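# Tertiary structure, described
Residue strings, one per chain:
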Amino acid sequence: MSAMPPGNPASNPFSSSATYLMACQQLRTVARAIDLDAGIAERMMVPKRSQIVAIPVRMEDNRTEVFIGYRVQHSLTSGPSKGGLRYAKHVDLGEVAALAMWMSWKCGIMNLPYGGAKGGIAVDPAELRGGEKERLTRRFTEEILNIIGPRTDVMAPDMGTDEQTMAWIYDTYSMKVGYACPEIVTGKPVELGGCVGRKEATGRGVVYCISETLAELKLRAENSTAVVQGFGNVGSVTCEELNKLGTKIIAVGDRFGAIRNDRGIDIQALIRYIATSERKSVAGFPSAETINSDELLATPCTVLIPAAMERVITEANAGKLRCRVLAEGANGPTTPEADAILSETDIFVIPDILCNAGGVTVSYFEWVQDLAQFMWDENQVNAELKRHMLKAFHRVRSQANQRKLTNRIAALSLGVQKVATEKAKRGLYP
Ligand code: GLU
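The rules behind these values
- Residue numbers restart at each chain and count upward from 1, following the sequence in its written direction.
- Restriction of local features to residues with pLDDT of at least 70 applies here, the model being predicted, together with a cutoff of 80 or more for giving and counting side-chain atom pairs; totals for whole chains, interfaces and linings are based on all residues.
- Water and hydrogen atoms were dropped before computing side-chain values, which therefore reflect all heavy atoms in the structure.
- By the criteria applied, helices consist of DSSP H or I runs no shorter than four residues and strands consist of E runs no shorter than two, each listed in order from the N terminus.
- Counting of polar contacts relies on pairs of N or O atoms within 3.5 Å, with two restrictions inside protein: one atom must be capable of donating a hydrogen and the other of accepting it, and residues adjacent in sequence are counted only when both atoms are side-chain atoms.
- Whether two residues touch is decided by their heavy atoms; if any such pair falls within 4.5 Å, the residues are in contact.
- A molecule or strand has a residue near it when one of that residue's heavy atoms lies within 4 Å.
- Where accessible areas are quoted, they stem from the Shrake-Rupley method and a 1.4 Å probe; at the residue level, only the protein chains shown are allowed to cover.
- Residue polarity follows a fixed list, in which Ala, Val, Leu, Ile, Met, Phe, Trp, Tyr, Cys and Pro are nonpolar, Asp, Glu, Lys and Arg are charged, and the others, Gly among them, are polar.
- Axis lines are fitted through C-alpha atoms, for helices just across the contact stretch, and the angle between N-to-C directions can take any value from 0 to 180 degrees.
- Oblique is the label for any angle not under 35 degrees, not over 145, and not in the 65 to 115 range, which are roughly parallel, roughly antiparallel and roughly perpendicular in turn.
- Think of it in three bands: with a 1.4 Å probe and only protein chains considered, a residue is buried below 20% of the maximum accessible area for its type, exposed above 50%, and partly exposed in between.

One can find Ser363 in helix 12 (residues 358-372). A polar atom in the side chain of Ser363 sits 2.8 Å from the side chain of Thr186. Ser363 has contacts with Lys82, Tyr114, Ala156, Thr186 and Arg198, leaving out every residue within four places of it along the chain.

Close contacts around the ligand come from 14 residues, with Lys82, Lys106, Lys118, Asp158 and Ser363 the closest. For the ligand, an oxygen atom lies 2.8 Å from a polar atom in the side chain of Lys82. Protein contacts shield 93% of the accessible area of the ligand, which totals 300 Å² for the unbound molecule. Secondary-structure elements contributing two or more residues to the shell around the ligand are strand 3 (81-88), helix 3 (93-109), strand 5 (153-157) and helix 12. For the shell around the ligand, the residue count by class is four nonpolar, five polar and five charged.

On to the packing of helix 1 (residues 18-34) against helix 14 (residues 407-426), then. Interhelical geometry of helix 1 versus helix 14 gives an angle of 80 degrees and a closest axis separation of 9 Å. The angle between the axes of helix 1 and helix 14 places the two elements in the roughly perpendicular class. Contacts between helix 1 and helix 14 involve Gln26, Leu27, Thr29, Val30, Ala33 and Ile34 on the former and, on the latter, Arg408, Ile409, Leu412, Ser413, Val416 and Gln417. Its residues assigned to classes, the contact of helix 1 with helix 14 shows seven nonpolar, four polar and one charged.

Within the secondary structure, Asp254 sits in strand 7 (residues 248-254). Taking the relative accessible area as the measure of exposure, Asp254 reaches 19% and is therefore buried. For the pair Asp254 and Val234, spaced 20 residues apart in sequence, the C-alpha to C-alpha distance is 12 Å. Discounting residues that sit within four places of it in the chain, Asp254 has contacts with Lys280, Ser281 and Val282. A distance of 2.8 Å separates a polar side-chain atom of Asp254 from the backbone nitrogen of Val282.

Note that every value here comes from positions in space, so none of it alone points to a role or purpose.
Next comes the structure, spelled out in structure tokens:
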């Protein structure tokens, strides 16, 4: 397998993205570790289908603004492709392609009948006013209508999008096909066929993985401390669930700032503060001291949880981490160079595609319920989520122990191998 992604750098439209190159580098490492067929590895390096669309939007001041949107379907081998839709200023094709690839491996280790996909629009949602976000979402849905469908590609929330965004996609799609089609998206409001517990699922899954890890390391949750980067859906639910286990959250940060209180941050008070603060940020929370964002990741703690962006733990700061466990709530927070540094330490890494897989797992439950028109109650959802997470966690740990691999390479190898086996058995058409 060549060292570079297929196509020359000028003709491979993804290659200018550091995040895409990182996903390819991980795939190459795994391919070597499990002796993957070179042709299959090469096929998995390039997403199956990508669409870039222009989204003209009538702004509140009556101007027309054009946004760029992406939907990348990495694999359709195992079923419809599945993955979130993010609204963020920095989004580009390569980032979306990398996130789509990671979704394939994530669905693979969780044994879900999906390929991976991701979508994005290059926009800062905080800058949208009035009905702009709704018009943007509906027009984007219209522009990618030809490649989505409940058996083709199913979207869900990600950074900058939420239940309401999914409701607009559901409505737009249903208006087009002429009947109510809740199975076109997951992470919808419960009133529209959403699944109870979907919103909390990613954070709950993160905490199930942390609990298993603490048990393995013979550490007690009630004597442990946590530091969380990112206080969106994943970060905030993770904090709440950790609090229930007695773990103190001693520092939290977001894109506007970071705060620390070694006696433990009152998470419910923090949530109330953010709801009323102008920037919707943790910055300025009165019952904690303000710290520099760079210090956040280096704060001594039992569990460090990056739950914001990709590529935040790098060669430059990996050596400064002072945690026992790194639980990756975000997708792709740790670069391969940082991984090499971490593998020399005793930091226990719970890799992203395992740690944050609770979200897509409950998305799968939602899709199944919508297809069957038979809804589950929250106890059933949570029990099934826990069962799926623990099973995947222990499969990754035995793969790591048996084959002497890091947790990341063990997790990736299980995900990649599942897709590779299906590709090999289906054969190459024609
Ligand atoms: N955006 C989430 C993720 O990165 C969930 C995707 C889904 O539920 O389809 O895993």
